Protein chains: 6
Amino acid sequence: MALLARIDDASASPEVKAVFDDIRATRGDDTINDVWRVLANDPALLADCWRSVKETMKPGALDPLTKELVYVAVSIANSCEYCIQTHTRAARAKGMSDAQFTEMLAVVGLASRMNRIVTGLQVELDERYRPPS
Amino acid sequence: MALLARIDDASASPEVKAVFDDIRATRGDDTINDVWRVLANDPALLADCWRSVKETMKPGALDPLTKELVYVAVSIANSCEYCIQTHTRAARAKGMSDAQFTEMLAVVGLASRMNRIVTGLQVELDERYRPPS
Amino acid sequence: MALLARIDDASASPEVKAVFDDIRATRGDDTINDVWRVLANDPALLADCWRSVKETMKPGALDPLTKELVYVAVSIANSCEYCIQTHTRAARAKGMSDAQFTEMLAVVGLASRMNRIVTGLQVELDERYRPPS
Amino acid sequence: MALLARIDDASASPEVKAVFDDIRATRGDDTINDVWRVLANDPALLADCWRSVKETMKPGALDPLTKELVYVAVSIANSCEYCIQTHTRAARAKGMSDAQFTEMLAVVGLASRMNRIVTGLQVELDERYRPPS
Amino acid sequence: MALLARIDDASASPEVKAVFDDIRATRGDDTINDVWRVLANDPALLADCWRSVKETMKPGALDPLTKELVYVAVSIANSCEYCIQTHTRAARAKGMSDAQFTEMLAVVGLASRMNRIVTGLQVELDERYRPPS
Amino acid sequence: MALLARIDDASASPEVKAVFDDIRATRGDDTINDVWRVLANDPALLADCWRSVKETMKPGALDPLTKELVYVAVSIANSCEYCIQTHTRAARAKGMSDAQFTEMLAVVGLASRMNRIVTGLQVELDERYRPPS
């Protein structure tokens, strides 16, 4: 169970309502995921998190689907079930196919495997990649 | 210092030489990164890791640059300095611009932030995403 | 489901009963959380963990609430749901307000974000902070 | 070596200079840590990270030293050497004694130990803490 | 809920059936754990993961039980509930006693504690262990 | 650089000297690793950590080499360079061969890979492993 209550639309302060309205406008639907309702207990933190998500995930030098793939990959490494579930849905909404999903998982698995093996061997960065002393 | 010695070309067994040759052919240059030279102490593990990297990172439903971005993102979450350094170079070789690099970092930072906040609040997956009971 | 059975009061050996008595005396109530009941399958490990918790979390140069905030923060980083749930309750019992809770979460989120960005950029420790060579 | 160059004062764009000025004003000294100089390659990300640090770490329901202790604790869990080094210095500047430092480390060690033991035992949250069904 | 459907025996393609048959033959029973059924949505990834598990976990310089203990320990550090549950069962099938289980947990707890304390203190590797310069 | 000074033998208080003497007696040589010298700034924490290491790593239902393998595996997952370096040396002193070392690394790599893939797929624990409702 969440450690703070979910704030419903009726209980939302004007500050919170403004964020919920912007989430709905940005999504193009009526959904307010529970993470936002629980965060709404701290309206300033809610507003800052939403602003961050909106700004960071919009199209830029990377397209939105690529950004979702990176987001899901990190959420897997951090074992955040809620984020994996919700952002996989977001990735699908942005066009991710099952083949792209399992390919991303294969990369996450490979990187995790190689990260640990390299760390376990304590390999140091090659001379050719270090700055000249 | 690495916990096993780097195997140079002269000391490489035929099994190891075959892997080094394939790495060079695949890269299109002469570079054998130190991770492969240290792994060469266990030729079977070297061969399996190289095969995995080659198969997983080739073009598929995801293009190679997207795969490198995911690989680097996971390596950051796992604090693997060697992998971050070498795979960022690989990503650049596959076309990653500085803008794409910092956008990927912004997503990694955002996801790490939101993962921890959601976990700290113990938000449960919304009813609308759970299977009907 | 837990991988070892919960040991109830009736089944507790004298060694385990002594630990349960001390937990109750220290808490000032009758509660034995399930973690202790499951750990009781290894009485020596139970005793050592309880001793550690009691010694480490008592007032010192840091007050108990500050210690709980640090404990919860680490539990979030380690994705330990049980510890987040139980130690947030402990923090509330030691005076943590909702405002303190969400401020702590904001710091955990910020640190996680900055940790990953700094690691991704591979920033080295500034010259001014390194010892003179 | 950092993956992007450090931007010095002379090369700083007006947007970056504004952030550097605010860092100096907030710190009350002339220091610009290298993390900011490297982040300056992406002025928008620099500005957002600085704003976040400044807003989140200011006094509130939690005092600044408590916030630094939480920040360092998370940085330890995330193995971020740069952040541990710089934020321990910040904590000392905010009054942290060696005794407070080692007590915080003892809590971080205890929480990490208990998190893993609880997760390994797969202890489920006690009935008394779950909502009535 | 899993993000891809479980593939049952009737729906399995020849490629998938071959893997399921090999799992059953290797286990010596009829069980196909759900991880394999979900992975079966990507037959190539399923085949590669199964091959890896079979090759890596077989007897070698380390016996199978020791390998399971290491596997479970890493799964605890990575907070993978599914892997902790299934591989603890595998470890028990390979002879792990409750005493061995709790001793392994004690080591995992100790290492996690010491890792964090050492990292927090930023202890550098002793001179005696570094290569002569 | 370590965040607290190393305490040398001459500066050691009686409490610290007692711990250093016990370390030497247990090791059977004169070595005091720097982790103990830095921890010596907090004699109570030093004594508790040493006691824990000594008690947990002694022979029991698991032999000392198996315990070191688990300890190193966890240290790899936690990216603790100091612990990986020192405990690999300890493992070698307890009989670990290079073949055992690379087999342990292969298991750590496999587990990390499978943990992330399973978490990414959000596979739930099979019905057959859950308690009857």
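As a further point, take the overall build of chain A. Each helix and strand counted, chain A has six helices and zero strands in total. For chain A, the succession of helices and strands along the chain, N to C, is α-α-α-α-α-α. The C-alpha radius of gyration computed for chain A amounts to 19 Å, which surpasses the reference 14 Å derived for 133 residues by more than 25%, pointing to a less compact arrangement than a globule. With the C-alpha coordinates aligned to their principal axes, the bounding extent of chain A is approximately 60 × 35 × 35 Å. For chain A, buried positions account for 62% of its 133 residues. In chain A, once contacts between residues fewer than 6 apart in sequence are set aside, the share between residues at least 24 apart is 52%. Accessible surface, chain A as shown: approximately 5100 Å² in total, 52% of it carbon and sulfur.

Another aspect to go through is the relation of the copies chain C and chain A. If you rotate chain C by 120° and push it 0.0 Å along the axis, it lands on chain A with an RMSD of 0.0 Å. Taken together, the rotation and translation describe the operation of a three-fold axis. Proximity to the rotation axis, assessed at the C-alpha, singles out Ser79(C) in chain C; its C-alpha lies 3.9 Å from the axis. Here only 9% of the interface residues in chain C have copies in chain A that are interface residues too; the copies meet through unlike faces.

There is a patch of like negative charges on the surface, built from Glu81(A), Glu124(B), Glu81(C), Glu124(D) and Glu81(E). By secondary structure assignment, the location of Glu81(C) is in helix α5 (residues 81–93).

It is worth spelling out unusual backbone geometry at this point. All names here are of chain A. Even without being a glycine, Ser79 presents a positive backbone phi close to 55°. Tracing the sequence through the fold places Ser79 in the loop between α4 (64–77) and α5 (81–93). The buried category is assigned to Ser79, whose relative accessible area is 17%.

This part covers the interface of chain C and chain A. With eleven residues of chain C at the interface, the matching set in chain A holds seven residues. Taken together, the connections running from chain C to chain A amount to zero salt bridges. Among the elements of the structure, α5 and α6 (98–121) of chain C are those that each provide at least two residues to the side of chain C that touches chain A. Grouping the constituent residues of the side of chain C that touches chain A by class yields three nonpolar, four polar and four charged.

To continue, consider the confidence of the model for chain A. Across chain A, the average pLDDT comes to 97, with 100% of residues at 70 or higher. Among the scores for the predicted complex, ipTM is 0.97 and pTM is 0.98.

The next subject is the relation of the copies chain C and chain D. Between chain C and chain D, the superposition needs a rotation of 180° and an axial shift of 0.0 Å, giving an RMSD of 0.0 Å. The superposition operator between the copies reduces to a two-fold rotation axis. A symmetric contact is evident, with 100% of the interface residues of chain C recurring at the interface of chain D.

Right, let's talk about the environment of Val74(E) for a bit. Within the fold, Val74(E) resides in helix α4 (residues 64–77). Each C-alpha atom, one on Val74(E) and one on Val108(E), is 8.8 Å from the other, the two residues being 34 residues apart in sequence. Aside from chain neighbours lying at most four places away, what touches Val74(E) is Ala73(F), Val108(F), Ala111(F), Ser112(F) and Asn115(F).

Once that is clear, we can look at helix α3 (residues 43–57) of chain D. Compared with an ideal rise of 1.5 Å per residue, which puts 15 residues at 21 Å, α3(D) spans 21 Å between its outermost C-alpha atoms and is within 8% of the ideal. Listed in full, the buried residues belonging to α3(D) are Leu45(D), Leu46(D), Asp48(D), Cys49(D), Trp50(D), Ser52(D), Val53(D), Thr56(D) and Met57(D). Buried-residue contacts for α3(D) involve α3 (43–57) of chain A, α6 (98–121) of chain B, α6 of chain C together with α1 (14–27), α2 (34–39) and α4 (64–77) of chain D.

What follows covers the interface of chain C and chain D. On the chain D side, the residues contacting the 65 residues of chain C number 65 residues. Across the interface of chain C and chain D, roughly 5900 Å² is buried in total on both sides, 67% from carbon and sulfur atoms. If you look at where chain C meets chain D, you find four salt bridges. The salt bridge partner of Arg113(C) is Asp48(D), with a shortest N-O separation of 2.6 Å. Taken together, the connections running from chain C to chain D amount to 34 residue pairs in polar contact (both at pLDDT 80 or more).

Rules behind the numbers
Residues numbered from 1 in each chain as written. Chains lettered and ligands numbered in written order. Predicted model: local features only at pLDDT ≥ 70, side-chain atom pairs only at ≥ 80, totals over all residues. Heavy atoms only, no water. Helix = DSSP H or I, 4+ residues; strand = E, 2+ residues; numbered from the N terminus. Rg over C-alpha atoms; globule rule 2.2 N^0.38 Å. Buried < 20%, exposed > 50% of the residue type's maximum accessible area, 1.4 Å probe, protein only. Contact = heavy atoms within 4.5 Å. Areas by Shrake-Rupley, 256 points an atom, 1.4 Å probe, with all protein chains shown as cover. Least-squares fit on C-alpha atoms with pLDDT ≥ 70 in both. Patch = residues over 30% accessible without salt bridge, like charges linked within 9 Å, V, L, I, M, F, W, Y side chains within 5 Å. Salt bridge = Lys/Arg side-chain N within 4 Å of Asp/Glu carboxyl O. Lys, Arg positive; Asp, Glu negative; His and termini not counted. Charge placed at Lys NZ, Arg CZ, Asp CG, Glu CD. Nonpolar A, V, L, I, M, F, W, Y, C, P; charged D, E, K, R; others polar. pLDDT = per-residue confidence, 0-100. Expected span 1.5 Å × (residues − 1). Buried area = accessible area lost by both parts, 1.4 Å probe. Polar contact = N/O pair within 3.5 Å; in protein donor to acceptor, adjacent residues only side chain to side chain.

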